[in-house]
Amino acid sequence: MSDSRDVQSGLSEKRAHEILRHEFETAGLEIQEDFPFSEGGISIVLDGFDPKQRVGYEFVTTEAGDRESVTPAIIQALECRMEDGGLFVLLVDEFEVMTEDALVFAASRFVDHLRVRGVIR
Amino acid sequence: MTAQVYTVPDFIGAARQQKQSLQSDLTRLEQQAQLHEQRVKELHQRSSNAENEIVAALVPNLERATIQAVANRCGFPALISKDFPGQMEKERRERQQRSAQIQAEPRYRDRKLLRDPGVGKLTRAIAELMEFRQPSADLVKKCEHPRLGNLIAAGYGTPEYKVPFWRASYYANWKAGDEIIERFGEKKEFLEIRLEYLDALKTLQTYDMKLSELQAEVKAGEDLEKELANQQDALASLESRYLGLARAALGEYLRDLPQDALAEVLTDGPALGLMAKRWAGISKQTQYLDSIKSQQLDPLRARIQEDIRRLDSDITKYSRPKKAFTTFPKDKFHQRFIERPQKLRKHIDKTVVVHNTVYGFDQYQRANMVQNFLWWDLMTDGRIDGNFIPEVRSFHESNPGYTYHRERFSDDDFASASAAVSSGAGAGRPLLGDAS
């Protein structure tokens, strides 16, 4: 997802989850943390997911060992499903989003985008 | 009636007094040790000066005849084979050749035309280029952003931009794009900025390539000017450098010669003889002073420190109640608190006097280095036993029949030597003398 690994992210895994959960729940989603998603050959534990609205998020960090489990193949498979509109998972690489403000911006614009598309009410 | 025994209060009183006295002696010895360092440093400088005097007298110039003569005289054929005059001439030729080459080079020859500040051809071309590139440089700077590279690579703002909205980088790019657009004041799309930016980059690349060439030309010319200046400095110092090398080589050789060999080499004329004696004498003074320090001063300091430690220990011991009624026989008491301190004081005084005597010696002209001769006796006028010094002891062992006779080291040579040496010694040197 990202090659900018030389720069240290200032955002911890824990804090990132708090922000994401807050933004998604403010948008009316019912988030379940560490959701085991297994469909169509994709098997992944998502950091947060609303199974009814099929919207969630995954914060990929080295700290959590995500780079071994969230492989390019899994990302590609997820993205295929998202292109079909089957589900929507905000994919956040710790090296792309380095600050709280940036994460709030990304999460809030993402849920806005879904609202405009009619994916969430 | 004189007491036959002393009591604990007598003992403690005497011990404290003695401790105070020893501390004062220790301070004195520590000061003497510091003085020793200063003196030795000064003697090293004087030795160096004396050596310089000798080699300068032996090698007044670098002519081959001079080098030949001194090499033969000193038994130092390496001075000839090192060929300092030859090396010097070789270096001179090379530097003159290189200097001529530089002066003929257009970059040097036309330096004013090319590099004169303000009016030089290169200077003006660079200034012009800097002016032309400025608007592009300003635009590129205006666009600077940590994510600019990502935006350009991903084609942000163009139809080719394919980053999907479910990737956080989509929003990071969006935010970065907005921040850049904001800097332009007037309403602009990022696509327009992108095109202007890429165009400016290309323009800068072209100008900067030319600028690098021009700056390299300027540097090459400046480097030549510096090199020529260095060559000319080196030429100006050529003779003194090689003369210095020859003298240093000779000095190193002479330093390793035994005293009698040195005397043979340098007794040709009173002036040189006196220089040799001064040099050898200063070397001996340094050696002797170091021996006095290591064999006398330092052990005395260690002994006093140990005595003070013992006194402290005894004061503590006899201060205990159970020792209150201890008595001390008069003879032992006197030995410890009167006789021993007196001997120690004498020893210290003698050591200081010996150190001062050796350091203060300056009658180098009285030495007779060709005979069986001991500097120690000359310096101390035969009055002080120097057998604690290995060299002195070894001399006596090798010369069992030797006795010092003052009159054999007269000042007969002094008059002619002092006339020959314009800056000779001769005046009495104070005990804390300054360097020659």
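Here the structure is shown first, and the text comes after it.
Residues numbered from 1 in each chain as written. Chains lettered and ligands numbered in written order. Predicted model: local features only at pLDDT ≥ 70, side-chain atom pairs only at ≥ 80, totals over all residues. Heavy atoms only, no water.

S.K.: Where do I start with the overall build of chain A in this structure?
M.R.: Secondary structure summary: chain A contains four helices and four strands in total. Counting from the amino terminus, helix and strand elements in chain A follow one another as α-β-β-β-α-α-β-α. Looking at chain A as a whole, 47% of its 121 residues are labelled buried. Restricting the contact set of chain A to residue pairs at least 6 apart, pairs at least 24 apart contribute 62%. When the accessible surface of chain A is split by element, carbon and sulfur atoms take 48% of a total near 6,200 Å². (Helix = DSSP H or I, 4+ residues; strand = E, 2+ residues; numbered from the N terminus. Buried < 20%, exposed > 50% of the residue type's maximum accessible area, 1.4 Å probe, protein only. Contact = heavy atoms within 4.5 Å. Areas by Shrake-Rupley, 256 points an atom, 1.4 Å probe, with all protein chains shown as cover.)

S.K.: Help me understand the packing of helix α12 (residues 259–266) of chain B against helix α13 (residues 270–318) of chain B in this model?
M.R.: Each packed pair of helices is defined by two parameters, the angle between the axes and the distance between the axes. All names here are of chain B. Where α12 meets α13, the axes come as close as 9 Å, and the angle between the chain directions of the two elements is 160°. Taken together, the axis directions place α12 and α13 in an arrangement best described as roughly antiparallel. Crossing handedness for the pair α12 and α13: right-handed. Judged by residue contacts, Q259, L262 and L266 of α12 engage L272, G273, A276, W279, A280 and K284 from α13. (Axes fitted to C-alpha atoms, helices over the stretch in contact; angles between N-to-C directions. Parallel < 35°, antiparallel > 145°, perpendicular 65-115°, else oblique. Left-handed = near helix turned anticlockwise from the far one by under 90°.)

S.K.: Help me understand unusual backbone geometry, please; the structure alone is not making it clear to me.
M.R.: Apart from glycine, the bulk of residues carry a negative phi angle, and the bulk of peptide bonds sit in the trans form. With a phi angle near 55°, R54(A) is a residue other than glycine that sits in the positive phi range. The residue R54(A) is located in the loop between β2 (42–50) and β3 (55–60) in this model. A positive phi angle is found at D83(B), which is not glycine, with a value near 50°. Following the sequence through the fold, D83(B) ends up in the loop between α3 (78–81) and α4 (84–104).

S.K.: How should the interface of chain A and chain B be read in this particular structure?
M.R.: One frequently used descriptor of interface size is the decrease in accessible area upon assembly of the parts. In this complex, chain A contributes 19 residues to the contact, which on the side of chain B involves 13 residues. Summed over both partners, the interface of chain A with chain B buries about 1,400 Å², with 68% contributed by carbon and sulfur atoms. Connecting chain A to chain B are one salt bridge. Among the salt bridges present, the one from R167(B) reaches E79(A), with a minimum N-O distance of 2.8 Å. (Buried area = accessible area lost by both parts, 1.4 Å probe. Salt bridge = Lys/Arg side-chain N within 4 Å of Asp/Glu carboxyl O.)

S.K.: Could you clarify how one ought to interpret the side chain of D50(A) in this entry?
M.R.: Residue and element names in this part refer to chain A. Tracing the sequence through the fold places D50 in strand β2. It is K52 that comes nearest to the buried, bridge-free D50 among opposite-charge side chains, at 6.3 Å. At 3.1 Å, the side chain of D50 forms a polar contact with the backbone nitrogen of Q53. Residues within four places of D50 in sequence aside, it is in contact with L29, E30, I31 and V55. (Lys, Arg positive; Asp, Glu negative; His and termini not counted. Polar contact = N/O pair within 3.5 Å; in protein donor to acceptor, adjacent residues only side chain to side chain.)

S.K.: Would you mind showing me how to read the pairing of strand β4 (residues 88–93) of chain A here?
M.R.: Note on strand geometry: in a regular strand, side chains alternate between the two faces of the sheet. Residues and elements named next belong to chain A. For β4, the buried fraction is high: six of the six residues fall into the buried class. As paired strands, β3 and β4 are joined by six bridges and run parallel to one another. Considered in β4, the bridge of Y57 is made with L90. (Pairing = 2+ DSSP bridges.)

S.K.: Looking at this model, I keep getting lost on the sheet that holds strand β1 (residues 32–39) of chain A. Mind explaining?
M.R.: Sheet strands line up and pair through hydrogen bonds in the backbone, either parallel or antiparallel. All names here are of chain A. Strands sit in the order β1-β2-β3-β4 across an open sheet of four strands; the sheet is mixed. The strands lining the two open edges of the sheet, one partner per strand, are β1 and β4. In this sheet, neighbouring strand axes are inclined to one another by 40° on average, regardless of whether the strands run parallel or antiparallel. In this sheet, β3 lies alongside β2 in antiparallel orientation, the contact comprising three bridges. Each bridged residue has a counterpart across the sheet, and for F49 the counterpart in β3 is G56.

S.K.: How do you make sense of the nonpolar core when you look at a structure like this?
M.R.: Burial of nonpolar side chains together is a common tendency in soluble globular proteins. Core analysis: the biggest nonpolar cluster contains 57 residues, and L58(B), L250(B), L254(B), Y288(B), W375(B) and W376(B) have the highest contact counts within it. Sort the elements by how many residues they give to this core and α13(B) lands first, with nine residues. If sequence neighbours within four positions are ignored, W375(B) has contacts with Q259(B), K277(B), A280(B), G281(B), K284(B), Y288(B), F361(B), Y364(B), A367(B) and M369(B). Core analysis: the second largest hydrophobic core is formed by 42 residues, L29(A), I44(A), F49(A) and V60(A) among them. (Core = buried A, V, L, I, M, F, W, Y, C linked by side-chain atoms within 4.5 Å.)

S.K.: Could you clarify how one ought to interpret the side chain of H145(B) in this entry?
M.R.: Residues and elements named next belong to chain B. As for its position among the elements, H145 is in the loop between α7 (121–143) and α8 (148–154). Residue classification places H145 among the buried residues on the basis of a relative accessible area of 16%. The residues touching H145, leaving out its near neighbours within four places in the chain, are A176, E179, I180 and R183.

S.K.: Explain the packing of aromatic side chains to me, please; I cannot follow it from the model alone.
M.R.: Aromatic ring pairs are defined here through the distance separating the ring centres and the angle between the ring planes. Taken as a whole and assessed by the stated rule, the structure comprises 28 aromatic pairs over all chains. Centre to centre, the rings of F132(B) and Y207(B) are 6.3 Å apart; their planes meet at 35°, and the pair counts as tilted. With a gap of 75 residues between them, F132(B) in helix α7 and Y207(B) in helix α10 (residues 190–236) connect regions that are remote in the sequence. F132(B) gets classed as partly exposed once you look at its relative accessible area, which sits at 45%. Following the ring pairs from residue to residue traces out a cluster consisting of F105(A), Y156(B), Y161(B), Y170(B), Y171(B), W174(B) and F190(B). Over the aromatic face of Y108(B) sits the side chain of R111(B), whose NZ or CZ is 3.9 Å from the ring centroid. For K142(B), the ring lying beneath its charged end belongs to F184(B), and the centroid distance is 4.6 Å. (Phe/Tyr/Trp six-rings, centres within 6.5 Å; stacked < 30°, edge-to-face > 60°. Lys NZ or Arg CZ within 6 Å of the ring centre and 35° of its normal.)

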